[in-house]
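Structural characterization, general
Now for the letters of each chain:
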Amino acid sequence: MARACAVGIVSALASTALGVEHVYADSPFNFSPFSSSSSSSPPEASPSPSSGTSTAAKEESSPRVFEIIKKQEETRQAELALKKAEYEALRAQHDTERQRVIYEEQKKLAQQQAQTKAQMIRYDDELARKRMQLENEYQKIRNQELVKMQEESSMRLEQIRRKTEEEIQAARRQTEKEKAVIAQETARIKAMAEAEARALEAKLSEEVDRRKLIETAKAEREKWVAAINTTFDHIGGGLRAILTDQNKLIVVVGGVTALAAGIYTTREGSRVVWGYVDRILGQPSLIRESSRGKYPWSGLFSRGMNSLSQKADKGSPGKKGDGFGDVILHPSLHKRIEQLAGATANTKSHQAPFRNMLFYGPPGTGKTMAARELARKSGLDYALMTGGDVAPLGSQAVTKIHQLFDWSKKSRRGLLLFIDEADAFLCERNKTYMSEAQRSALNALLFRTGDQSKDIVLALATNRPGDLDSAVADRIDEVLEFPLPGEDERFKLLKLYLDKYIAKAGERKSSWISSLFRRQPQKIEIKGLSDDVIHEAATKTDGFSGREIAKLMAGVQAAVYGSTDCVLDANLFREVVDYKVAEHQQRKKLAAS
């Protein structure tokens, strides 16, 4: 662009110069730079001194004209050179443009060829897929025909077998019916004879027994009357002796007073001493449930037996030892809890600090049961408290929190402290409705959990993790979500509670002495309840928690006990499941409204 502008400017200057020179060239040669404007008269022919002077001036001006012509020629050559350079530049630009157009045309041609090739490849792939699809459909149709032929053949064989079995069973039933009629008639005759003999024997022995009972009752009455009379005679004699003798009366009154004072003093003293012992060695009042005994010496035998049974279960080849009891969780969550149990056990053995945990999810998804099994599998003691027990304590909450942590540190095995409904007193401190006592209790817990502990694993459970205070969330190392069970988990839960509430209903581990005096419950009979029916129930109970499934199976048990024959069949099971599903939907609508 700059070059083109420069060429244009030079061309304009050259044209101007050429125009001036042309003017000079076309003008007459009588131009004299030294002549004035008044000397414009024509020259005279006669020689004069002034004509000589003009000739000399012309001779002097002729070299200058040649110089001007020379400069005009040089300017013209320069202009031609500029035009030639401009032409060369235009030609080079034209060649460049022509090369660019050729390159673009070749590029477009290559792109069109590539698109055509890709279309051909896609067309070939589509033809191959269609051909394979047709072959697969043909093979599928052939397989279906073969399966249908096999099913028809098996159905014919099954019908023939069933017909033969029915004929055999009919003949057998007829024979058994005839035998039963004969046996019934024989038993009836025998029973009539035995009944007549027993009636005669009872009639003969009834009179004898009646006379014996009358004589026995008469003797007992006389004996008790004599004993009562003797007792009252002794009591009356003693009272008369005490009342008539002043010394005996004073001794009796003093003895009774001293006895009452001793009993009262002993009772109050033991209460004070026991309260002190309970405060020092006993279990804190905030603990609702614990694997440890209320006192250090209580439960030693039961804990020893539990540890021996756990070792036996781990050593027995029939048990894998990786179960979680009644807890059915998602496989990924189950695996994560097992990893945490192993990590916690190894942490305790290496004297490393424990990691605190947060369990959150909808109610009834197994958070408490998972914490209990986590403590059991990691070899720790277990203690449960609820956040709702802290608010009623008022100003005593801080003291109880410190007692709780002091008691927890006394566990030799380490203790998993599970706080259920943790958001009840560990909520955000900026909320206006939080009392000063609750804020102080929260600060006490934050103070006791400020450092990593080697004695206590803090496990919090809540349905609303967003309500927890930010400082409490900062204490948490592991966060586990407990979602509602999926279809596979619901099927396993239904099978578990079917075995617990139906198949094993009434099985109690009691001593043989108590079984003699206790009436044995009726056994539930299960008919026609296959896995398909349970799978159907698992599909219908979408959105149920583990607790709701347990209540559903308890409802099935109640429905079975309410029937006449105590039999659970598929129809009764479906009826209870449909009722519970409708009840669940109604509760959801009420909660939403």
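Everything numeric in this text was worked out from a predicted model, so none of it was measured.

Description of the overall build of the protein chain
Counting its regular elements, the protein chain contains 14 helices and eight strands. Counting all 593 residues of the protein chain, 23% fall into the buried class. Pairs at least 24 residues apart make up 79% of the contacts formed inside the protein chain by residues separated by at least 6 positions. With the model as given, the accessible surface of the protein chain reaches about 41,900 Å², and the carbon-plus-sulfur share is 58%.

Regarding the environment of Leu552
Among the secondary structure elements, Leu552 is positioned in helix 13 (residues 546-562). By relative accessible area, which is 1% here, Leu552 ends up buried. Separated by 55 residues in the primary sequence, Leu552 and Tyr497 place their C-alpha atoms 9.2 Å from one another. Excluding residues within four positions of it along the chain, Leu552 makes contact with Leu494, Thr541, Phe544, Val576, Val577 and Lys580.

A short note on the packing of helix 10 (residues 487-503) against helix 12 (residues 531-540)
It is at 9 Å that the axes of helix 10 and helix 12 come closest, and there the two elements cross at 125 degrees. Relative to helix 12, the element helix 10 is oriented oblique. Of the two elements, helix 10 crosses helix 12, and the hand of that crossing is right-handed. When helix 10 is examined against helix 12, the residues Glu487, Arg490, Phe491, Leu494, Lys495 and Leu498 are found in contact with a partner set consisting of Asp531, Ile534, His535, Ala537, Ala538 and Thr539. Residues belonging to the contact of helix 10 with helix 12 are distributed by class as follows: six nonpolar, two polar and four charged.

Describing the pattern of salt bridges
By the definition in use, this model includes 30 salt bridges. One salt bridge connects Arg439 with Glu436, and the closest N-O pair in it is separated by 3.4 Å. Of this pair, Arg439 and Glu436 both sit in helix 8 (residues 436-448), three residues apart, which is roughly one turn of the helix. A relative accessible area of 22% places Arg439 in the partly exposed class. The residue Arg587 makes a salt bridge to Glu583 at a minimum N-O spacing of 3.1 Å. Taken as a pair, Arg587 and Glu583 lie in helix 14 (residues 570-592) at a separation of four residues, close to a single helical turn. Here Arg587 falls in the partly exposed class, since its relative accessible area comes to 39%. On the accessibility criterion, Glu583 (28% relative accessible area) is partly exposed.

What about the sheet that holds strand 1 (residues 289-290)?
Strand order in this open sheet of six strands is 1-3-4-5-2-6, and the pairing throughout is mixed. Pairing within the sheet leaves two strands with one partner each, and these edge strands are strand 1 and strand 6 (478-481). Each of strand 1, strand 3 (381-386), strand 4 (415-420) and strand 5 (456-462) is contacted by helix 7 (residues 397-408), which is oriented at about 150 degrees to strand 4, the strand it contacts most.

Here's the deal with the packing of helix 5 (residues 331-349) against helix 6 (residues 367-378)
Closest axis-to-axis distance for the helix 5/helix 6 pair is 8 Å, and the angle between their directions is 40 degrees. Judged on the interaxial angle alone, helix 6 and helix 5 are oblique. Helix 5 and helix 6 meet at a crossing whose hand is right-handed. Residue-level inspection shows Ile337, Leu340, Ala341, Thr344 and Ala345 of helix 5 in contact with helix 6, the latter providing Ala370, Leu374, Lys377 and Ser378. Its residues placed into classes, the contact of helix 5 with helix 6 shows six nonpolar, two polar and one charged.

Section: a nonpolar patch on the surface
A cluster of nonpolar side chains, contributed by Ile235, Leu239, Leu243, Leu249 and Val253, occupies part of the molecular surface with about 470 Å² of accessible area. When residues of the nonpolar patch are traced back to their parent elements, those giving at least two are helix 2 (49-244) and helix 3 (246-281). Counting residues per element, the nonpolar patch draws most heavily on helix 2, which supplies three residues. Along the chain, the position of Leu243 falls in helix 2. Note on Leu243: relative accessible area 62%, which makes it exposed.

Some thoughts on helix 10
Along its 17 residues, helix 10 runs 22 Å from first to last C-alpha, staying within 8% of the 24 Å computed at 1.5 Å per residue. Of the positions making up helix 10, those classed as buried are Glu489, Arg490, Phe491, Leu493, Leu494, Tyr497, Leu498 and Ile502. In this fold, the buried residues of helix 10 make contact with helix 5, strand 7 (525-526), helix 12, helix 13 and strand 8 (567-568).

Comments concerning unusual backbone geometry
The phi angle at Gln351 is positive, at roughly 55 degrees, despite the residue not being glycine. Position of Gln351 relative to the elements: it lies in the loop between helix 5 and strand 2 (357-360).

Describing the side chain of Asp389
You can see Asp389 is positioned in the loop between strand 3 and helix 7. Within the local environment of Asp389, its side chain forms a polar contact with the side chain of Thr386, the two groups lying 2.9 Å apart. Not counting residues up to four positions away in its chain, the partners in contact with Asp389 are Leu286 and Arg288.

A few points about the pairing of strand 2
One face of the sheet, then the other: side chains in a regular strand alternate in exactly this way. Of the pairings in the sheet, the one linking strand 2 to strand 5 comprises four bridges and is parallel in character. By the bridge assignment, Met357 is partnered in strand 5 with Ala459. Of the strand pairs in this sheet, strand 2 and strand 6 are connected by four bridges, and their pairing is parallel. Its bridge partner being in strand 6, Tyr360 is matched across the sheet by Glu481.

So, the nonpolar core
Judged by nonpolar contacts, the single largest core of 31 residues is most densely connected at Leu417, Ile419, Phe425, Leu426 and Leu460. Within the residue set of this core, elements represented by two or more residues are strand 3, helix 7, strand 4, helix 8, strand 5 and helix 9 (470-474). The residues contacting Leu426, other than those within four sequence positions of it, are Leu442, Leu445, Leu460, Asp467, Leu468, Asp469 and Val472. By size, the runner-up hydrophobic cluster in this structure holds 28 residues, among which are Leu493, Ile502, Ile524 and Leu572.

Here we look at the environment of Gln351
By relative accessible area, which is 52% here, Gln351 ends up exposed. Measuring from C-alpha to C-alpha, the distance between Gln351 and Asp455 comes to 9.2 Å, with 104 residues separating the pair along the chain.

Here we look at the confidence of the model for the protein chain
Do not read the predicted coordinates in detail wherever pLDDT is low. When the pLDDT values of the protein chain are averaged, the result is 79; 79% of them are 70 or greater. In this model residues 14-52 is a low-confidence stretch, pLDDT under 50, and it forms 18 contacts with partners more than four residues away in sequence or in other chains. This model gives residues 312-323 a pLDDT under 50, and the stretch forms seven contacts once residues within four places in sequence are excluded.

Overview of the pairing of strand 3
Burial analysis of strand 3 places six of its six residues in the buried class, the great majority of the element. By the alternation rule, side chains of strand 3 split into Asp381, Ala383 and Met385 and Tyr382, Leu384 and Thr386, which are all buried. Of the strand pairs in this sheet, strand 1 and strand 3 are connected by two bridges, and their pairing is antiparallel. If you follow Glu289 over to strand 3, its bridge partner there is Leu384. In this fold, strand 3 hands off to helix 7, which returns the chain to strand 4; that crossover is right-handed.

Thresholds applied
- Residues numbered from 1 in each chain as written.
- Predicted model: local features only at pLDDT ≥ 70, side-chain atom pairs only at ≥ 80, totals over all residues.
- Heavy atoms only, no water.
- Helix = DSSP H or I, 4+ residues; strand = E, 2+ residues; numbered from the N terminus.
- Buried < 20%, exposed > 50% of the residue type's maximum accessible area, 1.4 Å probe, protein only.
- Contact = heavy atoms within 4.5 Å.
- Areas by Shrake-Rupley, 256 points an atom, 1.4 Å probe, with all protein chains shown as cover.
- Axes fitted to C-alpha atoms, helices over the stretch in contact; angles between N-to-C directions.
- Parallel < 35°, antiparallel > 145°, perpendicular 65-115°, else oblique.
- Left-handed = near helix turned anticlockwise from the far one by under 90°.
- Nonpolar A, V, L, I, M, F, W, Y, C, P; charged D, E, K, R; others polar.
- Salt bridge = Lys/Arg side-chain N within 4 Å of Asp/Glu carboxyl O.
- Pairing = 2+ DSSP bridges.
- Patch = residues over 30% accessible without salt bridge, like charges linked within 9 Å, V, L, I, M, F, W, Y side chains within 5 Å.
- Expected span 1.5 Å × (residues − 1).
- Polar contact = N/O pair within 3.5 Å; in protein donor to acceptor, adjacent residues only side chain to side chain.
- Core = buried A, V, L, I, M, F, W, Y, C linked by side-chain atoms within 4.5 Å.
- pLDDT = per-residue confidence, 0-100.
- Right-handed = clockwise from strand over helix to strand, strands pointing away.

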